[in-house]
Amino acid sequence: MTNPVLESLFNRRSIRAFEDRPISPETRELILKATFRAPTAGNMMLYSILEISDPELKLKLARSCDNQPFIAKAPMVWIFLADWQRWFDAFNHAGVADFSNALDKDVRKPGEGDMLLACSDALIAAQQSVIAAESLGVGSCYIGDIIENFEYHKRLLNLPQFTVPICMLVYGYPTPQQKVRPLTPRYDLKFILHTNQYQRLSEVQLDEMFLDQDKSIGAASIAKGIDRYALAMYIRKFDSEFSREMTRSAKQIINQWNTN
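On a predicted model such as this, the values are computed, not experimentally measured, just so you know.

Caption draft 1: Geometry of the packing of helix α3 (residues 55-64) against helix α8 (residues 150-157). The geometry of α3 relative to α8 is characterised by a closest axis approach of 11 Å and an angle of 175 degrees between their N-to-C directions. The angle between α3 and α8 falls in the class roughly antiparallel. Along its contact with α3, which presents L57, K60, L61 and S64, the element α8 presents Y152, H153, L156 and L157. Of the residues contributing to the contact of α3 with α8, the split by class is five nonpolar, two polar and one charged.

Caption draft 2: Expanded view of the nonpolar core. In terms of nonpolar packing, the biggest core is built from 52 residues, with F80, M168, V170 and Y171 touching the most fellow members. With eight residues, helix α7 (residues 112-135) is the single largest residue contributor to this core.

Caption draft 3: Seen up close, the packing of helix α2 (residues 25-36) against α7. Where α2 contacts α7, the two axes come as close as 8 Å, and the packing angle between them is 140 degrees. The orientation of α2 relative to α7 falls into the category oblique. As for how α2 packs across α7, the hand of that crossing is right-handed. For the pair α2 and α7, the contacting residues are I31, A34 and T35 in the first and A125, Q128, S129, A132 and A133 in the second. Among the residues forming the contact of α2 with α7, the class breakdown is five nonpolar, three polar and no charged.

About the thresholds
Residues numbered from 1 in each chain as written. Predicted model: local features only at pLDDT ≥ 70, side-chain atom pairs only at ≥ 80, totals over all residues. Heavy atoms only, no water. Axes fitted to C-alpha atoms, helices over the stretch in contact; angles between N-to-C directions. Helix = DSSP H or I, 4+ residues; strand = E, 2+ residues; numbered from the N terminus. Parallel < 35°, antiparallel > 145°, perpendicular 65-115°, else oblique. Contact = heavy atoms within 4.5 Å. Nonpolar A, V, L, I, M, F, W, Y, C, P; charged D, E, K, R; others polar. Core = buried A, V, L, I, M, F, W, Y, C linked by side-chain atoms within 4.5 Å. Buried < 20%, exposed > 50% of the residue type's maximum accessible area, 1.4 Å probe, protein only. Left-handed = near helix turned anticlockwise from the far one by under 90°.

This is the structure:
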């Protein structure tokens, strides 16, 4: 038994080619309203959304996020920031320094746990926007590459200390080809769902998990001695230049956050 919400979720695919038509103000407003109803820690909404409307800025982001031209062509681009800056400014405005001094306490600044909580808030809101957009016929694609090149993005987007660009989303109406593109298969539930405690997969289970993917390894990979999907993914994704840059950049994000 399904319903329209489930059908929308089951059939969603990442869209990287959009029709040349704008998202109407009414549709944008509906997506925003749905986004703002996302679950949030303590009803604090520990995120901000940067709406990128400047074509030149879109182009710069397309280049800095691993040279993906479709970003610049997307009708709507939102960057979701994990954001404690707004609340920390509000704390200071409310007189937290005097309050803390009266109690002979230091003013507490946002720490690593606060950053992770804000990242969760931002990502939950981002996914809520994806679901809302999908229900309105608007496709979307996550751009995790916004985590890369932090120093550049910090300057480009005027990011203060207690903000993290945790994801970018591009939205638009999918082209006919995108609408019928095959769905990317997911792994069998038995390899993902654990009961009560985490269970590491055995070698036999790992072989079973990647059986279909191992069969689809292309001739070019086999010619290079790559005959397992996991090894191909290690080379193409995990040990790639962009992945190493993301790790370097993430360290800089954390270092900025912890600057006294």
